[in-house]
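Each chain, letter by letter, is given below.
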Protein chains: 4
Amino acid sequence: MSLTDAQKEEIAQLRGIETPTRRATVPALEEILYEPLPLLDHGFVRVVDYMGDDSAVVQAARVSYGKGTKKVSEDRGLIRYLMRHRHTTPFEMCEIKYHVKMPIFVARQWIRHRTANVNEYSARYSILDKEFYIPGPDALAPQSKQNHQGRAEGEPLTGEEAHKVLTLLREDAERCYANYEWMLNEEQDPSRRGLARELARMNLTMNCYTQWYWKIDLHNLLHFLSLRADGHAQYEIRVYAEAMLETVKRWVPLTHEAFSDYRMGGVHLSRGGLDIVRRLLAGEAVTQENSALSPREWRELMASLGREG
Amino acid sequence: MSLTDAQKEEIAQLRGIETPTRRATVPALEEILYEPLPLLDHGFVRVVDYMGDDSAVVQAARVSYGKGTKKVSEDRGLIRYLMRHRHTTPFEMCEIKYHVKMPIFVARQWIRHRTANVNEYSARYSILDKEFYIPGPDALAPQSKQNHQGRAEGEPLTGEEAHKVLTLLREDAERCYANYEWMLNEEQDPSRRGLARELARMNLTMNCYTQWYWKIDLHNLLHFLSLRADGHAQYEIRVYAEAMLETVKRWVPLTHEAFSDYRMGGVHLSRGGLDIVRRLLAGEAVTQENSALSPREWRELMASLGREG
Amino acid sequence: MSLTDAQKEEIAQLRGIETPTRRATVPALEEILYEPLPLLDHGFVRVVDYMGDDSAVVQAARVSYGKGTKKVSEDRGLIRYLMRHRHTTPFEMCEIKYHVKMPIFVARQWIRHRTANVNEYSARYSILDKEFYIPGPDALAPQSKQNHQGRAEGEPLTGEEAHKVLTLLREDAERCYANYEWMLNEEQDPSRRGLARELARMNLTMNCYTQWYWKIDLHNLLHFLSLRADGHAQYEIRVYAEAMLETVKRWVPLTHEAFSDYRMGGVHLSRGGLDIVRRLLAGEAVTQENSALSPREWRELMASLGREG
Amino acid sequence: MSLTDAQKEEIAQLRGIETPTRRATVPALEEILYEPLPLLDHGFVRVVDYMGDDSAVVQAARVSYGKGTKKVSEDRGLIRYLMRHRHTTPFEMCEIKYHVKMPIFVARQWIRHRTANVNEYSARYSILDKEFYIPGPDALAPQSKQNHQGRAEGEPLTGEEAHKVLTLLREDAERCYANYEWMLNEEQDPSRRGLARELARMNLTMNCYTQWYWKIDLHNLLHFLSLRADGHAQYEIRVYAEAMLETVKRWVPLTHEAFSDYRMGGVHLSRGGLDIVRRLLAGEAVTQENSALSPREWRELMASLGREG
């Protein structure tokens, strides 16, 4: 993680100031407010603002669904009910803002989620830092043979090939950056005029780091996390999602628990899958052949039920 | 305004609790936090949460547009620059949540703004309060003759007609509500079963009050206010927009000032309108006939320039 | 259903014109294009435009996920794969536009779906038709005792109570409408000026009909339909959703089939629910007491598995 | 522009098929349907589907704002009225879908517009083409001295510096691509396993081309074009916006004309700017000093009025 001294000082200063507020506050989240959580080799995510807590979800649900008592045990039950039945609007009543630093190829995946507010560091105005993501040895994965979209986890490249890949990634990023700097001519060689920033940036590789402020409501954040903290997500974005899940746990613990139980840990059964579960429970010997499922669906179903196909 | 004693007590209690926070706080907005601002005969709007301040706009702009010093005078200039040039994303970094009570026909206009989060009191679950909007004598306007969409401001109905209109509005609302109550059979007359709430509600008139939590970012709020605090908006929603503008002034005074100067007080000149202004400034005698504008556009332009057509 | 003769003529005229296009066309949907499908007592839904077909989904998926052959059997498999794994963006590539006439209390539920484009008939400009929804005898349901939000299906009110409810609904709607007309003074009684339309409309009851054009992409339409064609949706909006599902079947039959199998007919198992299914399949005797589920969740799970609790 | 023979054949085939439809068709747009319009050195934009026409805007406005006659002259007036008064929802009733190929740094600007549907070519699944944007000699601009965000138009780099910049851009892109290919090991050198695609892509430079399907409604398209066809937009995205404006002209000529007159060719006067125009028109000698405007705002205003400051 690469914060300048000025940034570190600003963070320390912000963390040192406390003012009284009538708004709901969440001490467990205040504890880490502004603190960067380091990720990958130069990245981080940090919570820089938030609004609302578990009670804001309950309050919004109660205006919609009528009154009730206000014990914490009932709040938990109501939040679990909302999560289970996908009553999503009460979760939109909480908002959080992150400051994130990540490689550009990660930012390109991330930005596809359209329901957030974003202000990104602009390479039209400013000069990008000289920082590139170089995977650690465990992350240097080959293409998966089963999954067209992913890598083979747990079997990283090794030896000569790993060494050469890392060398190429580093050398290409550094050479491109050096040439980017030369084109910009920020050091004002008077014999030339320098290329516009908005053009020179095209010479950078996609493991360069960028950063942005990213603000989103809790419902849409959970949707983002359900996709990006999932095992199918690319490792380099998943580490961000996992760190953010921990901030959600501090912020809205009841919502986090319900989300873990009903969304992250669950499985969706199709009409056909449900039919097979019922037949199995009735003692019938169901096989792929008599299941009406395709071989692929059958395999997926058996895997989720913890059975051999 | 009709708050129950329980609601008043809850507000007093919330206002009595202050907790320390590391987040940005805005004392002028904290002053009125949770307090209902009364509107129309039974409505209100109140700020129940917020996130960010003018500095959050500046901070987001600086991550996009590069660094600078941090004097307040420069913050003001930057915010004005952003507003003037419609760089809207930094204003999305602030968020506010309102609790609003308003007549259903007002809610129907309001909900057309899709970029907010909403939780409305549900008449499928709960029973609507016995409260109807009856216009005050000044609001009892006839149809405008010029404007197909609006009322004639400043010339309310009077005398016999006004009296009869008010009587009809009141009697119809009350009779419909009484029959709504009869259909619900909440008093449990054992000789009948009562109609479902989701059906009985259809008997209510559209001046019944409803309420919701409504959460929105500052950019989209300003867009909403530019339309609804405008002279063309219906009076009954405009009073809400005007009250909310005052809360914006407390919350983000620099943004409010820039918004007043560049958006609310300004005017858009078309290509043709700009051409005419240039010709007038050059001393040419321009008339509608030689202007290339339609009579209607000409009238609108002359009005905005403060000239007789 | 209440179409004027002018509207019927316009529909016949539009249906009579065919022009050649290079765009994808769907003959089964063209067959019913512009035709109103009658719903409730005066409502309808009709498809007035569309863009794309099942192949547009496939084409969008292939730009994202790489090339393949183009047999129809493979299109079906790809669409089912996308639906199963919630790869939603390819379904956003199709768009459809409906013209809908429905009671205002139905419109109020409908508009909560924010991802559509809407143009509604405006009662600020125009005068609403004299048409009210009066439920048929089978729809006159009492409040559900189990479900705070719904009605008891299948046990409508009868006899005296039903008769009185229908009479009240009809009389209140008619009286309010008559007074609305009186206030408007469209017949130009010269002794008075008439109330502005934007005000007079507040006297109408919520079973009045309104209408709008409603345009949405296929992904968001399916999300809407999964909520509103569901058994928990209010009957009066469900009939619209069911009619629209039939138009989806004509339009994109492969997508409709996948949607029916994986979304409408399926069930979501939580982490705890999945655990119980696994234990049951392993032959264990699981009861609510040893299940770690709340009684309510247990009941819901057993119901979805088709077992007695 | 780089279409494979297979793609060219597919386009020819699609263009050769015409089917009858009851939907509105636009012959001028059909003429260029599917045809790629070449942009930059390897990019293109092409219209691949559309829905609605100028009449759909009118129809939606009429459901909102009441009936009227249907002469074309009145359609034009209504569309101009809607555009002038920013009644935007009727323009949302038309939809268009483009297939675009552009450099990745252009795609990164483009994707910030969140109100569109997108399916992008995925470098997790597929291998990017070996194509890089290398600016033409006229586009090789230095940084602007006035404008922190832009380039100095009209004064491109020349001679030795231009030659070296072009050489660096080309060599760096080619070397990085060659190493990308080596890492992928698609030629199956059996002595090594190859790096996962999702990782290898990070070695590419941002002038590589990507492509996507991009679908948007007419209102949001015009907003995009007003920003990206503007003189402040980066040249490399502006050429796309300008080509798309031409497709809009074919598609909805009345809307295009109104957009040109009221949005592209117009100017927004602030409260202070309007005041100065009024004073000038009244014959007063206004200077920056007595204007209440900042020097910068004064300069901007005088420039838009065509006067020397």
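Bear in mind the structure is a predicted one, so any value in this text is a computation, not a measurement.

The next point concerns the overall build of chain A. Of regular secondary structure, chain A possesses 12 helices and 7 strands. A principal-axis box enclosing the C-alpha atoms of chain A has dimensions of 85 × 60 × 30 Å. Here chain A holds 309 residues, and 60% of them are scored as buried. Sequence separation of 24 or more characterises 69% of the internal contacts of chain A that already satisfy a separation of 6 or more. About 12500 Å² of surface is accessible on chain A, with carbon and sulfur atoms providing 50% of the total.

What follows deals with the relation of the copies chain B and chain C. Its rotation angle being 180°, the transformation that places chain B on chain C also includes 0.0 Å of axial translation and leaves an RMSD of 0.0 Å. This pairing of chains is accounted for by a two-fold axis. Among all residues of chain B, the one whose C-alpha sits closest to the rotation axis is B:Thr205, at a distance of 2.1 Å. By residue overlap, the copies meet face to face through one surface: 100% of the interface positions of chain B are interface positions in chain C.

So, about the relation of the copies chain A and chain D. Note on the copies: chain A fits chain D at an RMSD of 0.0 Å, the axial shift is 0.0 Å, and the rotation between them is 180°. When the interface residues of chain A are mapped onto chain D, 98% of them again lie at the interface, so the same face is used by both copies.

Quick look at the UniProt feature "active site" (unreviewed entry) in chain A now. Residue and element names in this part refer to chain A. The UniProt feature table records "active site" (unreviewed entry) at Arg228. For Arg228, a relative accessible area of 15% puts it in the buried group. In terms of polar contacts, Arg228 uses its side chain to reach the side chain of His113, at 3.2 Å.

This part covers the interface of chain B and chain C. The interface of chain B with chain C comprises 59 residues on the first partner and 59 residues on the second. In this assembly, chain B packs against chain C so that about 5700 Å² is buried in total across both faces, 53% of it on carbon and sulfur atoms. Looking at the side of chain B facing chain C, the largest losses of area belong to B:Arg124, B:Arg193 and B:Met202, adding up to 14% of the total buried there. Ionic pairing is found between C:Arg151 and B:Glu198, a salt bridge with its closest N-O pair at 2.5 Å. For the pair chain B and chain C, the number of links is 36 residue pairs in polar contact (both at pLDDT 80 or more). Taken together, the elements giving at least two residues each to the side of chain B that touches chain C come down to α5 (104–110), β5 (117–120), α6 (159–184) and α7 (197–200) of chain B. Considering only residue class, the side of chain B that touches chain C consists of 28 nonpolar, 14 polar and 17 charged.

Now for the side chain of B:Asn185. Residue and element names in this part refer to chain B. Among the secondary structure elements, Asn185 is positioned in the loop between α6 and α7. Within the structure, the side chain of Asn185 is placed 3.1 Å from the backbone oxygen of Arg192, a separation counted as a polar contact. Those residues in contact with Asn185 that sit more than four places away from it in its chain are Arg192, Arg193 and Gly194.

This part covers the sheet that holds strand β5 (residues 117–120) of chain C. Residue and element names in this part refer to chain C. Sheet architecture is open: 5 strands sit in the order β2-β3-β4-β6-β5, paired in antiparallel fashion. Strands at the two margins of the open sheet, each flanked by one partner only, are β2 (37–39) and β5. Shown here is a sheet whose adjacent strand axes are inclined to one another by a mean of 20°, direction ignored. Pairing geometry for β5 and strand β6 (residues 209–217), over 4 bridges, is antiparallel. Residue Glu120 lies in a different strand from β6, and its bridge partner there is Trp212. Relative to strand β4 (residues 95–103), helix α9 (residues 235–251) is tilted by about 155°, and along the sheet it contacts β2, β3 (43–51), β4 and β6.

Time to look at the interface of chain A and chain D. Frequently, the measure chosen for interface size is the accessible area that the parts lose on association. On the chain D side, the residues contacting the 59 residues of chain A number 59 residues. Remark: the boundary between chain A and chain D carries 8 salt bridges. Where chain A meets chain D, there are 36 residue pairs in polar contact (both at pLDDT 80 or more). If you list the elements that add at least two residues to the side of chain A that touches chain D, you get α5 (104–110), β5 (117–120), α6 (159–184), α7 (197–200) and α9 (235–251) of chain A.

Moving on to the UniProt feature "binding site: FAD" (unreviewed entry) in chain A. Using the residue numbers shown here, the UniProt feature "binding site: FAD" (unreviewed entry) corresponds to A:Thr89, A:Arg112, A:His113, A:Arg114, A:Glu120, A:Asp217, A:Leu218, A:His219 and A:His223. For the annotated residues, spread through 135 residues, the largest C-alpha to C-alpha distance comes to 27.6 Å, inconsistent with a single compact locus. Note that A:Glu120 resides in strand β5. Position of A:Asp217 relative to the elements: it lies in strand β6 (residues 209–217). The exposure class of A:Asp217 is buried, given its relative accessible area of 6%. When neighbours within four sequence positions are excluded, A:Asp217 is seen to be in contact with A:Phe91, A:Glu92, A:Cys94, A:Glu95, B:Asn117 and B:Lys215. Looking at A:Asp217, its side chain comes within polar contact range of the main-chain nitrogen of A:His219, at 3.0 Å.

Applying the stated criterion across every chain yields a total of 112 salt bridges over all chains. In this structure, A:Lys215 and B:Glu95 form a salt bridge, with 2.6 Å as the shortest nitrogen-oxygen distance. A residue pair is termed interchain when its members come from two chains, as with A:Lys215 in strand β6 and B:Glu95 in strand β4 (residues 95–103). Judged on exposure class, the residue A:Lys215 and its partner B:Glu95 are both buried.

The next subject is the state of the cysteines. Scanning the model with the defined rule gives 0 disulfides over all chains in all. The cysteine A:Cys94 is free of any disulfide, with B:Cys94 supplying the nearest cysteine sulfur at 17 Å. Cysteine A:Cys176 shares no disulfide, and the gap to the nearest cysteine sulfur, in D:Cys176, comes to 3.6 Å. In this structure A:Cys176 comes out as buried when scored by relative accessible area, which is 1%.

All names here are of chain D. Contact pair helix α8 (residues 218–228) / helix α10 (residues 253–264): the axes reach a minimum separation of 12 Å and the direction vectors enclose 45°. Judged on the interaxial angle alone, α10 and α8 are oblique. Regarding α8 and α10, the two cross each other, and that crossing is right-handed. Of the residues in α10, those touching α8 at Leu218, Leu222, His223, Leu225 and Ser226 are Thr255, Phe259, Arg263 and Met264. Looking at the contact of α8 with α10 residue by residue, the classes come out as 5 nonpolar, 3 polar and 1 charged.

Turning to the packing of helix α11 (residues 271–281) of chain A against helix α12 (residues 295–305) of chain A, a few remarks are in order. Residues and elements named next belong to chain A. Remark: α11 packs on α12, axes separated minimally by 11 Å, with the N-to-C direction vectors making an angle of 55°. In terms of axis orientation, α11 runs oblique to α12. For the pair α11 and α12, the crossing hand works out as right-handed. Along its contact with α11, which presents Gly273, Ile276, Val277 and Leu280, the element α12 presents Trp298, Leu301, Met302 and Leu305. A class-by-class count of the residues in the contact of α11 with α12 yields 7 nonpolar, 1 polar and no charged.

What follows covers the side chain of D:Ser304. Following the sequence through the fold, D:Ser304 ends up in helix α12 (residues 295–305). D:Ser304 gets classed as buried once you look at its relative accessible area, which sits at 16%. Once residues lying within four places of it in the same chain are set aside, the contact partners of D:Ser304 are B:Leu274, B:Arg278 and D:Val267.

Residue and element names in this part refer to chain D. The buried fraction of strand β3 (residues 43–51) amounts to 9 of the 9 residues, a majority that puts the element mostly inside the structure. Judged from the 3 bridges that link them, strand β2 (residues 37–39) and β3 form a sheet pairing that is antiparallel. Following the sheet pairing, Leu37 is matched in β3 by Val45. Taken together, β2 and the strand that follows it, β3, pair antiparallel across an intervening segment of 3 residues, in which Leu40 is found at a positive phi of about 50°. Sheet topology note: the β3/strand β4 (residues 95–103) ladder contains 7 bridges and is antiparallel. The residue bridging Tyr50 from the neighbouring strand is Ile96, located in β4.

The rules we used
Residues numbered from 1 in each chain as written. Chains lettered and ligands numbered in written order. Predicted model: local features only at pLDDT ≥ 70, side-chain atom pairs only at ≥ 80, totals over all residues. Heavy atoms only, no water. Helix = DSSP H or I, 4+ residues; strand = E, 2+ residues; numbered from the N terminus. Buried < 20%, exposed > 50% of the residue type's maximum accessible area, 1.4 Å probe, protein only. Contact = heavy atoms within 4.5 Å. Areas by Shrake-Rupley, 256 points an atom, 1.4 Å probe, with all protein chains shown as cover. Least-squares fit on C-alpha atoms with pLDDT ≥ 70 in both. UniProt positions renumbered as here; feature names shortened; annotations may be inferred. Polar contact = N/O pair within 3.5 Å; in protein donor to acceptor, adjacent residues only side chain to side chain. Buried area = accessible area lost by both parts, 1.4 Å probe. Salt bridge = Lys/Arg side-chain N within 4 Å of Asp/Glu carboxyl O. Nonpolar A, V, L, I, M, F, W, Y, C, P; charged D, E, K, R; others polar. Pairing = 2+ DSSP bridges. Axes fitted to C-alpha atoms, helices over the stretch in contact; angles between N-to-C directions. Disulfide = S-S within 2.5 Å. Parallel < 35°, antiparallel > 145°, perpendicular 65-115°, else oblique. Left-handed = near helix turned anticlockwise from the far one by under 90°.

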